[in-house]
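Chain residues, written in single-letter form:
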Amino acid sequence: MSARNTDVSFGWVTRTLHWAMAFGVLAMLGFGSYIARMEVGMSNIWMFGVHKSIGIVLFALLAVRIVWHFVSPVPESLPSGVGWKDRAAVWVHRAFYVLLIVVPLSGWIGSGATGLDVLVFNRVTLPPLAPVSEAWEEAAFAVHFVATKLLALCVVLHIAGAVMRKDGTMARMVRGA
Amino acid sequence: MRIILASLCVWLTAAVCGWAMPLTYALNESESRVGFEVPFGPDQITGTMPVRSADIALDFERPANSRISVVLDVGNAQANFPFATQALRGPRVLDASQFPDISFVSNTIEVRADAPSQALLTGDITIRGVTRPITLDAELFRPAGRALGEREQLFVRLEGAVSRAAFGASGWDDLVGDEVSLNLMLRIDLVE
Ligand code: HEM
């Protein structure tokens, strides 16, 4: 089993990153919506810390993924034979990279703008990325809100595209080839 | 003759004023504290704030002549979990770096007819530089084991509530309630 990607297959590093982030993002979309709407009290305020911690891990995994794809470029998508489908797939993939930067970054900016420590894993305090200001906080969380909805839309399109095509695309992300 | 008159005057003044003279007390900071409580979802955020200083004079014959003023130390306020402590001291709530004190000054004191150790205190409280009237329930206690009528060491308890919004201290009002209840317990010692 190869760690590296080839011209036609995904190595295990890329596949592990893909599935770890897939489960992470899916879980975070649900979890984020839950914490944003729950009645906050002593018994559940810790959930914000968990959300931030997982979000920062996903952000770090994205950085690893980008670096790794420079080291070991991914194979080209298999052509479906339908032009708009191929173009849609490429744009959804690009949107994932943009949104997986914008979503955690806006969460981090908004959290820091509250003036409270951005504490992950109950021990690491991240530096604030914006001044303490309600305007920054509101703007950042508005971005976080919209970007997470776009991310959810991309997830739906991505999964629909992946399960609908029967050309081995799914198999090479699951098993490698 | 003049000397006799003068000394008589001094004596008379002292005698007359002596009864009405309020007794001055010094604050025992380490045994005094302020507790506060504010709704937080289904729970309460609770905490304490040290008392920085107090100026207390009690007139047991004419209680209306008593005065109580207290200054609290905002920068060392402490809540029951770290985020709340940080939020409390920060710019959206008490803004301790700009406004390091909360102060209360009494205006009127009205002893309850049915309970002479209890009184209604009106005065002004200043939070974040904003001064507003407040009414506090006051009660005097002797430390356990002290004989009736001893006044050397006393506890003063003050209780009341403030609206955060009235002082511009309304940060996180989507999560944390507006009304903060206050409970001050001051240990005071008679100044000889
Ligand atoms: C890939 C990573 C992330 C995903 C998928 C994600 C997803 C979400 C979602 C779906 C919401 C609910 C938005 C709404 O409907 O109101 C949310 C809320 C929130 N997120 Fe994230 N998030 C991520 C990363 C982060 C990070 C890194 C932070 C902070 C360091 C963060 C802080 C927050 C906060 C504080 C809220 C609650 C906002 C509110 O109460 O309105 N998130 N997140």
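Residues numbered from 1 in each chain as written. Chains lettered and ligands numbered in written order. Predicted model: local features only at pLDDT ≥ 70, side-chain atom pairs only at ≥ 80, totals over all residues. Heavy atoms only, no water.

If you look chain B up in an unreviewed UniProt entry, it shows as Lipid/polyisoprenoid-binding YceI-like domain-containing protein from Boseongicola aestuarii.

As recorded by an unreviewed UniProt entry, chain A carries the name Cytochrome b561 bacterial/Ni-hydrogenase domain-containing protein and is attributed to Boseongicola aestuarii. Annotation of chain A in UniProt includes, under Cofactor (unreviewed entry), the sentence "heme b". Per UniProt, chain A has the following entry under Subcellular location (unreviewed entry): "Cell membrane". (UniProt positions renumbered as here; feature names shortened; annotations may be inferred.)

What follows concerns the overall build of chain A. From N to C terminus, chain A includes five helices and two strands. When the helices and strands of chain A are read in sequence order from the N terminus, they spell out α-α-α-β-β-α-α. Over its C-alpha atoms, taken along the principal directions, chain A stretches across nearly 50 × 30 × 30 Å. For chain A, the residues scored as buried account for 37% of the 177 residues in total. Look at the contacts in chain A between residues 6 or more apart in sequence, and 70% of them connect residues 24 or more apart. Of the roughly 10,300 Å² of accessible surface on chain A, a fraction of 73% belongs to carbon and sulfur atoms. Taking the average location of the 14 positive side-chain charges in chain A and that of its 9 negative ones, the two points are 12 Å from each other. (Helix = DSSP H or I, 4+ residues; strand = E, 2+ residues; numbered from the N terminus. Buried < 20%, exposed > 50% of the residue type's maximum accessible area, 1.4 Å probe, protein only. Contact = heavy atoms within 4.5 Å. Areas by Shrake-Rupley, 256 points an atom, 1.4 Å probe, with all protein chains shown as cover. Lys, Arg positive; Asp, Glu negative; His and termini not counted. Charge placed at Lys NZ, Arg CZ, Asp CG, Glu CD.)

With that out of the way, let us pick up the packing of helix α3 (residues 83-113) of chain A against helix α4 (residues 134-164) of chain A. All names here are of chain A. Viewed as axis vectors pointing N to C, α3 and α4 meet at an angle of 155°, and their least axial separation amounts to 8 Å. Of the possible angle classes, the one that applies to α3 and α4 is roughly antiparallel. α4 is crossed by α3, and the crossing has left-handed handedness. For the contact of α3 with α4, the residue count by class is 19 nonpolar, eight polar and one charged. (Axes fitted to C-alpha atoms, helices over the stretch in contact; angles between N-to-C directions. Parallel < 35°, antiparallel > 145°, perpendicular 65-115°, else oblique. Left-handed = near helix turned anticlockwise from the far one by under 90°. Nonpolar A, V, L, I, M, F, W, Y, C, P; charged D, E, K, R; others polar.)

With that settled, the discussion passes to the packing of aromatic side chains. Taken as a whole and assessed by the stated rule, the structure comprises three aromatic pairs over all chains. With centroids separated by 6.5 Å and ring planes inclined at 85°, the aromatic side chains of Phe59 of chain A and Trp108 of chain A adopt a geometry described as edge-to-face. Here Phe59 of chain A, found in helix α2 (residues 46-71), pairs with Trp108 of chain A, found in helix α3; they are 49 residues apart in sequence, far enough to count as distant. Against the face of Phe145 of chain A rests Lys149 of chain A, its NZ or CZ located 4.4 Å from the ring centre. Above the ring of Phe60 of chain B, the side-chain terminus of Arg151 of chain B is found at 4.0 Å from the ring centroid. (Phe/Tyr/Trp six-rings, centres within 6.5 Å; stacked < 30°, edge-to-face > 60°. Lys NZ or Arg CZ within 6 Å of the ring centre and 35° of its normal.)

Once that is clear, we can look at the UniProt feature "domain: Cytochrome b561 bacterial/Ni-hydrogenase" (unreviewed entry) in chain A. With numbering aligned to this structure, UniProt lists the feature "domain: Cytochrome b561 bacterial/Ni-hydrogenase" (unreviewed entry) at residues 10-176 of chain A. The span residues 10-176 of chain A shows a helical share of 72% and a strand share of 4%, and its end C-alpha atoms are spaced 5 Å apart.

Below, the discussion takes up the coordination of the iron atom of the ligand. Each pair of donors in an ideal octahedron of six around a metal sits at 90 or 180 degrees, and each pair in an ideal tetrahedron of four sits at 109.5 degrees. Residues and elements named next belong to chain A. Of the protein atoms, only His51 (NE2) and His144 (NE2) coordinate the iron atom of the ligand, at distances of 2.0 to 2.1 Å. In this structure, the iron atom of the ligand is coordinated by six donor atoms arranged in octahedral fashion, with angles at the metal of 87 to 178°. Of this pair, His51 sits in helix α2 while His144 is found in helix α4, placing the two residues 93 residues apart along the sequence. His144 shares its class with His51; the two are buried. (Donors = N, O, S within 2.8 Å, 3.2 Å for Na, K, Ca; no water. Tetrahedral: all angles 85-135°; square planar, octahedral: opposite > 155°, others 65-115°.)

Taking the UniProt record as the reference, the feature "domain: Lipid/polyisoprenoid-binding YceI-like" (unreviewed entry) is found at residues 24-189 of chain B. Within residues 24-189 of chain B, the helical portion is 5% and the strand portion 60%, while the C-alpha atoms at the span's ends are 9 Å from each other.

So, about the site of the ligand. All names here are of chain A. Taken together, 21 residues sit near the ligand, with Gly32, Arg37, His51, His144 and Lys149 positioned nearest. Here His51 contributes a side-chain N or O atom positioned 2.7 Å from a nitrogen atom of the ligand. At a separation of 2.9 Å, an oxygen atom of the ligand approaches a polar side-chain atom of Lys149. Taken together, the elements giving at least two residues each to the shell around the ligand come down to α1 (12-37), α2, α3 and α4. A breakdown of the residues in the shell around the ligand according to their chemical character gives ten nonpolar, eight polar and three charged. (Near = heavy atom within 4 Å. Polar contact = N/O pair within 3.5 Å; in protein donor to acceptor, adjacent residues only side chain to side chain.)

Across the contact, 16 residues belong to chain A and 14 residues belong to chain B. Surface buried jointly by chain A and chain B totals about 1,200 Å² across both partners, of which 66% is contributed by carbon and sulfur atoms. On the chain A side of the interface with chain B, the three residues burying the most area are Val40, Met42 and Leu116 of chain A, jointly 45% of the side's total. On inspection of chain A and its partner chain B, the count reaches one salt bridge. Arg92 of chain B is paired through a salt bridge with Glu137 of chain A; the nearest N and O atoms lie 2.6 Å apart. Among the residues forming the side of chain A that touches chain B, the class breakdown is seven nonpolar, five polar and four charged. (Buried area = accessible area lost by both parts, 1.4 Å probe. Salt bridge = Lys/Arg side-chain N within 4 Å of Asp/Glu carboxyl O.)

With that settled, the discussion passes to the pairing of strand β3 (residues 51-58) of chain B. Residues and elements named next belong to chain B. Looking at chain direction, strand β1 (residues 23-40) and β3 are connected through three bridges and run antiparallel. From the neighbouring strand, Leu23 faces β3, where its bridge partner is Leu58. Where β3 lies against strand β4 (residues 67-73), six bridges are found, and the strand directions are antiparallel. The partner of Asp55 across the bridge, within β4, is Ser69. (Pairing = 2+ DSSP bridges.)

Residue and element names in this part refer to chain A. Not every positive phi belongs to a glycine, and Phe121 is a case in point at roughly 50°. Exposure remark for Phe121: the relative accessible area of 48% places this residue in the partly exposed category. Its identity as a non-glycine residue notwithstanding, Asn122 has a phi of 60°, on the positive side. Tracing the backbone through its elements, the reader meets Asn122 in the loop between β1 (118-120) and β2 (124-126). By relative accessible area, which is 71% here, Asn122 ends up exposed.

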